[in-house]
Amino acid sequence: MPLRRIQYRCPVQVELNLIEYVSIVNDMKATCQEDISYYVKVTLPLGSNDSTIAICSLISYRSQDAAILVEWFEAQRLLGVNKIVTYTQELNSDALRVLDYYESIGLAYVIREFDMPEKAKLPRFLGEQNARQWTDKEVVSLDCNARLLGFKYVMMCDKDEFVVPNFTTFGFSLRKALDQMFDIKTAGVQLNPKVHVTTWTPANRSSTLFINKYLNSTTSISDRHKYIYMPQRTVVGSTTIHSFTACKDYKRYTAISTILDFHHYRSCANSFVKYQSVLNREKKNKYYRISWKKTWEIYVQISNSMPKVE
């Protein structure tokens, strides 16, 4: 389609931190311009030697619920995430204030009004997620990869998704779980979600927290899987929302739920028909109930300290 996503890289013969501006030309014989307006400022990767876990959280759209956004950020902070990169497109003012707060305490890094070319000619339908919008999100996945090269682990994770360690073994330390999963040959792991369908009746109607209302989920399914990877073991430019390519001599595999679980909260979709046998278990009273209910009860304990959205 028009405007395909692509990422280029080139070798640089000097220390990266000595380069302040960069320009792209199509004439190798051209003389460098002295006018600074012909250049863009170089953005160095986030992270340092003690930076461990980062999340690429893609794009925050217009109607993102501010209260749910607070819950999501607090959950990531409790699990030990160091940095969250996100982008905004026409985001509502309440949700923007939430992002402002988490940026002020150093947890979030926000690229505001992330824009794409030829909007009039190639319209984006945010609700329907048309092909153009999907490609735009893939551009974000490449940008995240470049910005987060300084971290040991990077997760692709939307704001309705949670990567949760086995609390019996690792407590609330996501880092401990990842350190066990990633041996010297592992580049990344695929996360198959357990889906919490929010258009069904909540299992816990009395809870004030969204994530504590929908305690029931499917077993792990391959629909809309995500992944965690180590940037230094991943081919540059290979990251997409749902895949990546490991460098030579490194491997990838699917995470097992005894170490790490991936939970996705979303409304029912027509595409779920192919998982009908799993979804129908609710009607037979054999529907899978997640074993980490106590986790959300602990989230309730920290809810009083969450920033209030006025």
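This is a predicted model, so every value here is computed, not measured. (Residues numbered from 1 in each chain as written. Predicted model: local features only at pLDDT ≥ 70, side-chain atom pairs only at ≥ 80, totals over all residues. Heavy atoms only, no water.)

**Q** A description of the overall build of the chain should follow, citing residues and the corresponding values.
**A** Helix and strand content of the chain: 8 helices and 12 strands. Counting the 310 residues in the chain, one finds 45% classified as buried. Here the analysis covers contacts within the chain between residues at least 6 apart in sequence; of these, 78% occur between residues at least 24 apart. Entry remark: accessible area of the chain is about 17000 Å², with carbon and sulfur atoms responsible for 52%. (Helix = DSSP H or I, 4+ residues; strand = E, 2+ residues; numbered from the N terminus. Buried < 20%, exposed > 50% of the residue type's maximum accessible area, 1.4 Å probe, protein only. Contact = heavy atoms within 4.5 Å. Areas by Shrake-Rupley, 256 points an atom, 1.4 Å probe, with all protein chains shown as cover.)

**Q** An account of the layout of surface pockets is needed here, citing residue identities and associated values.
**A** As a volume, the largest pocket reaches approximately 1900 Å³. As for the largest pocket, its lining consists of 40 residues, of which Y8, R9, C10, V22 and I24 are closest to the centre. Among the secondary structure elements, those contributing two or more residues to the lining of the largest pocket are β1 (21-22), β2 (40-41) and α3 (131-147). By residue number, the principal contributor to the lining of the largest pocket is α3, which donates 6 residues. (1 Å grid on protein atoms, 1.4 Å probe; cavity = no way out; pocket = protein on both sides within 12 Å on 5 of 7 lines; lining within 4 Å. Points joined across faces, edges and corners; volume = space filled by probe spheres on them.)

**Q** Report on the environment of Q33, specifying residues and quantitative values.
**A** Take Q33: it is sitting in the loop between β1 and β2. Each C-alpha atom of the pair Q33 and S23 lies 9.2 Å from the other, and the pair is 10 residues apart in sequence. Residues in contact with Q33, not counting those within four places in the same chain, are Y38 and Y39.

**Q** Explain the pairing of strand β12 (residues 260-266) to me, and be specific about the residues and the numbers.
**A** Of all 7 residues in β12, 7 are buried; the element is thus mostly enclosed. Bridging between strand β7 (residues 161-165) and β12 involves 5 bridges; their strand directions are antiparallel. When the sheet's bridge partners are listed, F162 is paired in β12 with H263. Note: strand β9 (residues 194-197) against β12, 4 bridges, orientation parallel. Within β12, the residue paired with V197 across the bridge is R266. (Pairing = 2+ DSSP bridges.)

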